[in-house]
Amino acid sequence: MMLQAPETRVTQPTLCFSCKRKAPPRSRRFCVSVAQPDADRGVQPPRFGKIIQKLEKERQQSDTREDLQQSRQTSEGNKEQSDRSDDAQRSRQKGVLEAKRALQFATAGTFRGGLVTPTQRAVVEEAIIDLEAYGRDIEYQQLEGLWRLIYTTALDVAPLVTPPSPFSPVRIGNIYQRFGSLASGLCQNIIKASVPYVLEEGDGVTLCVGVKYEASSPRRIALAFQEAGFSNVRITPLTEAVIAPALLPRGWIQQQILLAIKELNVKVPLPFASRQGRSGVGEYLLSFLDENMLIGRAQNGTFVFIREQ
């Protein structure tokens, strides 16, 4: 009797379809046992392939939800930050408006600082400080234009703003400061004056001091005084009648005198304008500037202006 060799059973390796590595049978809940040739061809059981597709789809959906949530949070954060910035801007604008109103109210009735009591001076100074708290670096294009003086503490300007006596021969009208562009560096101190019965009231003659200025810091300018003069002489009808009486024929001489007076424009260089050093030069701190109000502090005092044009 011929003995037959026992039949040898060939066991095909167990592979995981996700990692393509051998896996023991006990881990079938994670891997699926397939024949090696099928695994090499990438063939997967239909049920397992659907599970993988479902998991991949869920992962993509989860990533999409996370991206949308992150984008929504970023948008909400930007909106909240923008709202806070808008609220701060509105609050600042309201504070500036109230401070400017308080300052104009405090300076009313002080004759531009020429007739002010110690109590009024303290109230005005407090209002100036409150407005200066909103000051920022100067935008010099806002400085251009004509500014009218409403208050000053400068001692050298006090005689000009003090109310005149009934017998004063000269009456001072409005006082201005005109700034050109920063590139031109031109500035003028303008004083309107009149002589009773001789020159028109309030605007009989224009006195002017020419100044060169340049920015020395973000909020400070240097002023160099150049020349002084007067122009725009406007005589009263009484003066005109004295020069050329209406009852008499006007001769060529009288006409030339009247024309010369109207076109009179006198300028005199200041003697200290050409000296070296700090003579004729003043530092001017622009402690507050916006579209319609200017506060300047110089060595001789404080000036408050409002925009005229």
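Note that the structure is predicted; figures quoted are calculated from it, not measured. (Residues numbered from 1 in each chain as written. Predicted model: local features only at pLDDT ≥ 70, side-chain atom pairs only at ≥ 80, totals over all residues. Heavy atoms only, no water.)

1. Focus on the overall build of the protein
Part 1: Per the secondary structure count, the protein includes six helices and nine strands.
Part 2: Looking at the protein residue by residue over its 309 residues, the buried ones come to 30%.
Part 3: Sequence-distant contacts in the protein: of pairs separated by 6 or more residues, those separated by 24 or more amount to 59%.
Part 4: Total accessible area computed for the protein in this model is approximately 20900 Å², and 55% of it derives from carbon and sulfur atoms. (Helix = DSSP H or I, 4+ residues; strand = E, 2+ residues; numbered from the N terminus. Buried < 20%, exposed > 50% of the residue type's maximum accessible area, 1.4 Å probe, protein only. Contact = heavy atoms within 4.5 Å. Areas by Shrake-Rupley, 256 points an atom, 1.4 Å probe, with all protein chains shown as cover.)

2. Quick word on the side chain of threonine 152
Part 1: Tracing the backbone through its elements, the reader meets threonine 152 in strand β1 (residues 145-152).
Part 2: Look at threonine 152 and you get buried, because its relative accessible area is 3%.
Part 3: Separated by 3.1 Å, the side chain of threonine 152 and the backbone nitrogen of alanine 154 make a polar contact.
Part 4: Side-chain polar atoms of threonine 152 contact the backbone oxygen of threonine 302, separated by 3.0 Å. (Polar contact = N/O pair within 3.5 Å; in protein donor to acceptor, adjacent residues only side chain to side chain.)

3. Some points on the packing of aromatic side chains
Part 1: A full pass over the atoms with the stated rule returns three aromatic pairs.
Part 2: Taking the centre distance of 5.3 Å and the plane angle of 90° together, the rings of phenylalanine 179 and tyrosine 213 count as edge-to-face. Here tyrosine 213 lies in strand β4 (residues 205-217) and phenylalanine 179 lies in strand β2 (residues 171-179), a separation of 34 residues in the sequence.
Part 3: For tyrosine 213, a relative accessible area of 4% gives the class buried. (Phe/Tyr/Trp six-rings, centres within 6.5 Å; stacked < 30°, edge-to-face > 60°.)

4. What about the nonpolar core?
Part 1: Counting 22 residues, the largest nonpolar core has Leu143, Phe179, Ile221, Tyr284, Leu286 and Leu294 as the members making the most contacts within it.
Part 2: For this core, the elements supplying multiple residues, two or more each, are β1, β2, β3 (186-194), β4, β5 (220-231), β7 (281-289) and β9 (301-307).
Part 3: When residues of this core are assigned to their parent elements, the largest contribution, three residues, is made by β7.
Part 4: By size, the runner-up hydrophobic cluster in this structure holds 15 residues, among which are Tyr151, Met293, Val304 and Ile306. (Core = buried A, V, L, I, M, F, W, Y, C linked by side-chain atoms within 4.5 Å.)

5. What about the side chain of serine 231?
Part 1: With respect to the helices and strands, the residue serine 231 is situated in strand β5.
Part 2: Setting aside its immediate chain neighbours within four residues, serine 231 contacts Val205, Thr206, Leu264 and Asn265.

6. A closer look at the pattern of salt bridges
Part 1: Under the definition given, this model contains eight salt bridges.
Part 2: Note that aspartate 203 is salt-bridged to arginine 234, the shortest N-O span being 3.0 Å. Of this pair, aspartate 203 sits in the loop between β3 and β4 while arginine 234 is found in the loop between β5 and α5 (237-243), placing the two residues 31 residues apart along the sequence.
Part 3: For arginine 234, a relative accessible area of 41% puts it in the partly exposed group.
Part 4: Across the pair lysine 267 and glutamate 227 runs a salt bridge whose closest N-O atoms are separated by 4.0 Å. Residue lysine 267 is found in strand β6 (residues 265-269), and its partner glutamate 227 is found in strand β5; the two are separated by 40 residues along the sequence.
Part 5: Bridged by salt links that share partners, the residues Glu125, Glu132 and Arg297 form one connected network. (Salt bridge = Lys/Arg side-chain N within 4 Å of Asp/Glu carboxyl O.)

7. Some remarks on the state of the cysteines
Part 1: Taken as a whole and assessed by the stated rule, the structure comprises zero disulfides.
Part 2: The structure places no disulfide on cysteine 208, whose sulfur is separated from the nearest cysteine sulfur, that of cysteine 187, by 8.9 Å. (Disulfide = S-S within 2.5 Å.)

8. Let's talk about a nonpolar patch on the surface
Part 1: Residues Tyr197, Val198, Leu238 and Val242 make up a contiguous nonpolar surface patch of roughly 450 Å² in combined accessible area.
Part 2: Examined against the element boundaries, valine 198 turns out to sit in the loop between β3 and β4. (Patch = residues over 30% accessible without salt bridge, like charges linked within 9 Å, V, L, I, M, F, W, Y side chains within 5 Å.)

9. Let's talk about the pairing of β4
Part 1: When β3 meets β4, the two strands line up antiparallel, connected through eight bridges. Bridging from a neighbouring strand, alanine 193 pairs with valine 205 of β4.
Part 2: The pairing of β4 with β5 spans 11 bridges and is antiparallel. Looking at the pairing, valine 211 lines up with phenylalanine 225 of β5.
Part 3: Counting the residues that bridge the hairpin from β4 to β5 gives two residues. (Pairing = 2+ DSSP bridges.)

10. Quick word on the confidence of the model for the protein
Part 1: Within the protein, residue pLDDT values average 79, and 77% of them lie at 70 or more.
Part 2: Across residues 26-44 the pLDDT falls below 50, and counting only partners more than four positions away or on other chains, this stretch makes 29 contacts in the model.
Part 3: Counted against residues more than four places away or in other chains, residues 274-279, with its pLDDT under 50, gives two contacts. (pLDDT = per-residue confidence, 0-100.)

11. Side note on helix α3 (residues 118-132)
Part 1: Its 15 residues place the ends of α3 21 Å apart at the C-alpha level, agreeing with the 21 Å of an ideal helix rising 1.5 Å per residue.
Part 2: When we look at burial in α3, the residues that qualify are Val124, Ala127, Ile128, Leu131 and Glu132. Each buried residue of α3 lies within a common arc of 135° when the element is viewed along its axis, so the set occupies one face. Exposed positions of α3 whose direction lies more than 90 degrees from the buried face are Pro118, Thr119 and Glu126. (Expected span 1.5 Å × (residues − 1). Arc of directions from axis to C-beta.)

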